[in-house]
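# Structural characterization, general
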Amino acid sequence: MASSGSVDYQSSRTNFIETALKLCGVLREGVSASANQLTDGAHALNIIMKSFHSHGMPLWAIRESAVFPIEDVNTVTLGPSGGHAATTYAATYLTAAAASGATALTVNSITGISASDQLGVELNSGDIDWTTVSGAPSGSTVTAAVALTAAAAINNRVYAYTTKTVKPLKIIQAALYNYDTTTQVPVNIISRDEYERLSDITVEGPPNQIYYIPGVLTGILKFYPRFPDGSSVIKIWFQRPFEDMDAAGDTADFPQEWENAITWELAAHLGMAYNVPVRKMNMIMQKAQFELAKVNDFGMEEGSVYFTSNSSGR
Amino acid sequence: MAAQAGFQQDFPSTVDIPLAGVPLQRGTGTVDQRSVNILYETYVNPITGGKTFYAVKRPGLANSTQPPAGAATGRGLYAWGATGKIYSVFNNKIYSGTTDLTVTLAASSGRCWFAESGAGSSAQILIVSDGTDSYHITTSDVATQIDETDDAQYPTPNLGPVVFYDDYIFQAKSNGEIWNTEPDAFTSWVGTNFKSAQMYGDDLEAIARLKDMVVAFGKASTEFFFNNGTTNSPLLRIPANAMQLGMATKNSLAQAGDTLVWVAEAPGVGDGGRQVWAIEASRNGFRISTPAIERFLNAETTSMSSCTAWMETVAGHLIYVLNLSSANRTFVYDFTSKSWTEWSAITAIKFPGIAATSLNGTVYVQDATNGRIYTLLPTTYQDSGSNFTVTLQTDKYDFGTPMAKFQHGFWLIGDNTTSTINVSEADDDYTTFNTARTIDMTATRKYLGMGGMFFQRAYQITYTQNAALRLEKMVLGIDVGNG
């Protein structure tokens, strides 16, 4: 007997629901869930996953994104309908100066840049012109959909991305990364109170403090000071939301070791809805708690804990 | 509704459900409790008084002979002890065994009737009647057609049924006249030799013999006659026995010894609906049909006359088999268990046997269309070499509570046999039976887990194997939910 050699097993949304219903004794062996059971189960499964947001920040759910420079503001909205911030992006620079009104931009590399991507070009003023990529880049040329509003010199920064960042649940770390110097400087994450105490937030300079307000579908990142030019991005590391399970065949946005815990949590939820006998319900809930605690422990980062004094002067 | 109370919420319980149930069809469909191709057996322990119920697969049909050597319409079957042979009518021919007796039944159709003269008669004969003519068969298998050309007084057309009684042969006409031959002169019909069943104004449908009586079944009444030894007709009516209970069709009449069964038109006992009645020996007649069966009878309307019926003792069960034409279904009353079941062919249509007889302990059955005669044997588990399906469909069970039930176990209690049995459930008033699960019938523990949740559930068990089947009960493991 040989082992399979495969490690890619994942349950679909329907698998989760039907397994949970069987654990509850609701679904008969060999019988598929009804349309109503699948609808109710899908809703329960999604809200359970959303509730897992509150369980902390498992290592596998930490994501990095970049907040791109934007002139004359201290605020950027983060999320699918937000401002310019992305997890995957291309950062390059002009290898030929572009005059005001130019659309053809010669860059150091077109790797990672695609048609219709969001495109940001650092102007000589330090401001960023944001437009989109027109057509597929070719050679070293990227074509902007809208002409530059001012000239951009050689070596000015160019950023491009396809998809905006997901909404951060909590930002746990931030740094300012300078592409000119390839250096990274920590950025303090401060509280609302601390941010609101800042006197003149219109000051320009390398951002060194941020404050994050999570919202429903987007969040608002406030930073201080304002970007002085386009050479740097604010990198943030945050707990990302777990993805929805929209389709019957969707797999869970969780590592495999979570599937058992998710199934038992769903069984506990559905068991209530289906009036499972108390004795069995108690067993299901205990099992759900046990499995969730076990997998939560497994997902936490194993590292040292440091205690330091608060030197922010508050 | 066989709901059972006594569950304690939140405590696992098991409940026994005997696999024995009467037809409970609300209409003429296939929903509700019904048993197909089953006979029920009940055993009572005389010491403890305990009862054991079994659902036993019905006997199967094994090919015996095919007298016409091809497809032909079966019209009657009779085992004549005098010759030890099986006599049959297919199309317009009479066969002794597989031998064509070379007479042709002229211009008649439908059921043929048999009667044999007594062994003490001058010339013992078997009489076959088709309602137009009679055919006298000697013990040497010489068949002679008897009609009005032989005797101008021969009562033709007549109803068909023929009765031998105290050296007389009786045949009857629809106008109520019950004719008889001269004693011990079976071809001698005299114009004054008849007695009329005339207590009521209805037409006569059939005659039959019951012990020392001739029973005259009218369409709306029944009269009884005995041999009074009078001249012309020896019959004398027993007025006190007359019943305002008629016969829907002579084709529903079947007899086994001193038991007569027929589908009655019952104007005297209610609204005139059809019922199945029986008379055993000299007892009063009694109704054996149930409302569920009677719904099928009434739904036949005028097709009732196209039914067929027979009685035999099969595998220890005296059964009345009624094939309904319009419904295309067969209902079987078992006098042994006093219960109704359904029998079907290998497809879900009526049982193919339309007439039966028995010889030397073996039951022979005539096929309706294919020219075959079968033996009906409890050790045969197929019909003519093909598997047929046993179906046990239960009532809906809510176990005495409207709350959700969770079935954690299903045990089938019965004899080990071949292959697997199918079990499925319907939780929606028989609308949908879910995909069947199988139980290995060779296993000691015949079990299914994970039965799912339901509020009210019916079970369907089917078995389609060339093997015996005897089931006692199913045992359900049930937890009651909280709402």
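Right, let's walk through the structure included here. (Residues numbered from 1 in each chain as written. Chains lettered and ligands numbered in written order. Predicted model: local features only at pLDDT ≥ 70, side-chain atom pairs only at ≥ 80, totals over all residues. Heavy atoms only, no water.)

### Considering the overall build of chain A
- Helix and strand content of chain A: 5 helices and 15 strands.
- Within chain A, buried positions represent 45% of all 314 residues.
- Long-range pairs, those at least 24 residues apart, make up 69% of the contacts in chain A with a sequence separation of at least 6.
- Carbon and sulfur atoms make up 52% of the accessible area of chain A, which amounts to about 15,500 Å² in all.
- Averaging the locations of the 20 positively and 30 negatively charged side chains of chain A gives two centres separated by 8 Å. (Helix = DSSP H or I, 4+ residues; strand = E, 2+ residues; numbered from the N terminus. Buried < 20%, exposed > 50% of the residue type's maximum accessible area, 1.4 Å probe, protein only. Contact = heavy atoms within 4.5 Å. Areas by Shrake-Rupley, 256 points an atom, 1.4 Å probe, with all protein chains shown as cover. Lys, Arg positive; Asp, Glu negative; His and termini not counted. Charge placed at Lys NZ, Arg CZ, Asp CG, Glu CD.)

### Notes on the interface of chain B and chain A
- Contacts between the two partners involve 21 residues from chain B, matched on the other side by 15 residues from chain A.
- For the pairing of chain B and chain A, the buried interface totals around 1,400 Å² over both sides, and the portion due to carbon and sulfur atoms is 54%.
- Across the salt bridge formed by B:R437 and A:E29, the nearest N and O atoms sit 2.7 Å from each other.
- On inspection of chain B and its partner chain A, the count reaches 9 residue pairs in polar contact (both at pLDDT 80 or more).
- The leading source of residues in the side of chain B that touches chain A is strand β39 (residues 447-454) of chain B, at 5 residues. (Buried area = accessible area lost by both parts, 1.4 Å probe. Salt bridge = Lys/Arg side-chain N within 4 Å of Asp/Glu carboxyl O. Polar contact = N/O pair within 3.5 Å; in protein donor to acceptor, adjacent residues only side chain to side chain.)

### A few points about unusual backbone geometry
- Omega for the peptide link from A:Y224 to A:P225 comes to -10°, which places this bond in the cis form.
- Inspection of the secondary structure assignment puts A:P225 in the loop between β14 (219-224) and β15 (232-239).
- Cis geometry is found at the peptide bond from B:T156 to B:P157, where omega equals -10°.
- Examined against the element boundaries, B:P157 turns out to sit in the loop between β13 (143-146) and β14 (162-165).
- Its identity as a non-glycine residue notwithstanding, B:D166 has a phi of 50°, on the positive side.
- Inspection of the secondary structure puts B:D166 in the loop between β14 and β15 (168-172).

### As for helix α2 (residues 35-51) of chain A
- Counted at 1.5 Å a residue, the expected span for α2(A) with its 17 residues is 24 Å, and the 24 Å between its end C-alpha atoms agrees.
- Among all positions in α2(A), only A:Q37, A:G41, A:A42, A:A44, A:L45, A:N46, A:I48 and A:M49 are buried. (Expected span 1.5 Å × (residues − 1).)

### Brief notes about the packing of aromatic side chains
- This structure, assessed with the given rule, holds 36 aromatic pairs over all chains.
- Judged by centre distance (5.9 Å) and plane angle (65°), the rings of A:Y159 and A:Y179 are edge-to-face. With A:Y159 in strand β9 (residues 157-161) and A:Y179 in the loop between β10 (170-178) and β11 (183-186), this residue pair connects regions lying 20 residues apart in the sequence.
- You can call A:Y159 buried: its relative accessible area is 0%.
- According to the relative accessible area criterion, A:Y179 is buried, its value standing at 16%.
- Between B:Y333 and B:F335, the ring centres sit 4.9 Å apart and the planes meet at 90°, which makes this aromatic pair edge-to-face.
- What makes B:Y333 buried here is its relative accessible area of 7%.
- What links up through ring pairs into an aromatic cluster is the set A:F68, A:Y89, A:W130, A:Y159, A:Y161, A:Y177 and A:Y179.
- Against the face of B:Y54 rests B:R470, its NZ or CZ located 3.8 Å from the ring centre. (Phe/Tyr/Trp six-rings, centres within 6.5 Å; stacked < 30°, edge-to-face > 60°. Lys NZ or Arg CZ within 6 Å of the ring centre and 35° of its normal.)

### Overview of the packing of helix α4 (residues 259-273) of chain A against helix α5 (residues 278-299) of chain A
All names here are of chain A.
- Between α4 and α5, the least distance of the axes is 8 Å, while the angle of their chain directions is 150°. By the angle between their directions, the pair α4 and α5 is classed as roughly antiparallel. Relative to α5, α4 is oriented so that their crossing is left-handed. Facing N260, A261, W264, E265, A267, A268, G271 and M272 of α4, the residues of α5 in contact are M281, I284, M285, K287, A288, Q289, E291, L292 and V295.
- Its residues placed into classes, the contact of α4 with α5 shows 11 nonpolar, 3 polar and 3 charged. (Axes fitted to C-alpha atoms, helices over the stretch in contact; angles between N-to-C directions. Parallel < 35°, antiparallel > 145°, perpendicular 65-115°, else oblique. Left-handed = near helix turned anticlockwise from the far one by under 90°. Nonpolar A, V, L, I, M, F, W, Y, C, P; charged D, E, K, R; others polar.)

### Side note on the nonpolar core
- In terms of nonpolar packing, the biggest core is built from 38 residues, with A:L21, A:F52, A:F254, A:I262, A:L266 and A:I284 touching the most fellow members.
- Those elements giving two or more residues to this core turn out to be α1 (13-24), α2, α4 and α5 of chain A.
- Residue contributions to this core peak at 7 residues, all from α4(A).
- In this structure, A:L266 is in contact with A:F16, A:I17, A:A20, A:G41, A:A44, A:L45 and A:I48, ignoring residues within four places of it in sequence.
- Core analysis: the next-biggest nonpolar cluster, separate from the first, contains 29 residues, B:I169, B:F186, B:L210 and B:W277 among them. (Core = buried A, V, L, I, M, F, W, Y, C linked by side-chain atoms within 4.5 Å.)

### Digging into the sheet that holds strand β11 (residues 125-129) of chain B
All names here are of chain B.
- Sheet architecture is open: 4 strands sit in the order β10-β11-β12-β13, paired in antiparallel fashion. In this open sheet, the two edge strands, each paired with only one partner strand, are β10 (113-116) and β13. The mean angle between the axes of side-by-side strands here comes to 20°, regardless of whether they run parallel or antiparallel.
- For β10 and β11, the ladder comprises 4 bridges, and the chain directions are antiparallel. Looking across to β11, one finds that A115 is bridged to I127. (Pairing = 2+ DSSP bridges.)

### With respect to the environment of B:I94
All names here are of chain B.
- Positionally, I94 belongs in strand β8 (residues 93-96).
- Residues I94 and V142, spaced 48 residues apart in sequence, show a C-alpha to C-alpha distance of 11 Å.
- In this structure, I94 is in contact with S88, V89, T99, D100, L101, V103, L105, V128, Y135 and I137, ignoring residues within four places of it in sequence.

### Describing the pattern of salt bridges
Residues and elements named next belong to chain B.
- Tallied over the entire structure, the rule returns 26 salt bridges over all chains.
- Between R58 and D383 there is a salt bridge, with its nearest N and O atoms 2.5 Å apart. Here R58, found in the loop between β4 (51-57) and β5 (60-65), pairs with D383, found in strand β33 (residues 382-383); they are 325 residues apart in sequence, far enough to count as distant. Take R58 and D383: they sit in the same class, and that class is buried.
- Close ionic contact of R237 with E223 constitutes a salt bridge, the shortest N to O distance being 2.5 Å.

### Re α4(A)
Residue and element names in this part refer to chain A.
- Taking 1.5 Å of rise per residue, 15 residues should cover 21 Å, and α4 covers 21 Å from first to last C-alpha, within 8% of that figure.
- Within α4, 11 of the 15 residues are buried, which leaves the element mostly enclosed by the surrounding structure.
- Within α4, burial applies to E259, A261, I262, T263, W264, E265, L266, A267, A268, L270 and G271.
- Check the buried side of α4 and you find it contacts α1, α2 and α5.
- Following α4 by one or two positions, N275 adopts a phi angle in the positive range, close to 60°.

### A look at empty space enclosed by the protein
All names here are of chain B.
- Summed over all chains, the structure comprises 1 cavity of 30 Å³ or more.
- In this model, the largest cavity occupies a volume close to 40 Å³.
- Elements with a contribution of two residues or more to the lining of the largest cavity: β19 (213-218) and β20 (222-227).
- Along the lines of polarity and charge, the residues of the lining of the largest cavity split into 4 nonpolar, 3 polar and 3 charged. (1 Å grid on protein atoms, 1.4 Å probe; cavity = no way out; pocket = protein on both sides within 12 Å on 5 of 7 lines; lining within 4 Å. Points joined across faces, edges and corners; volume = space filled by probe spheres on them.)

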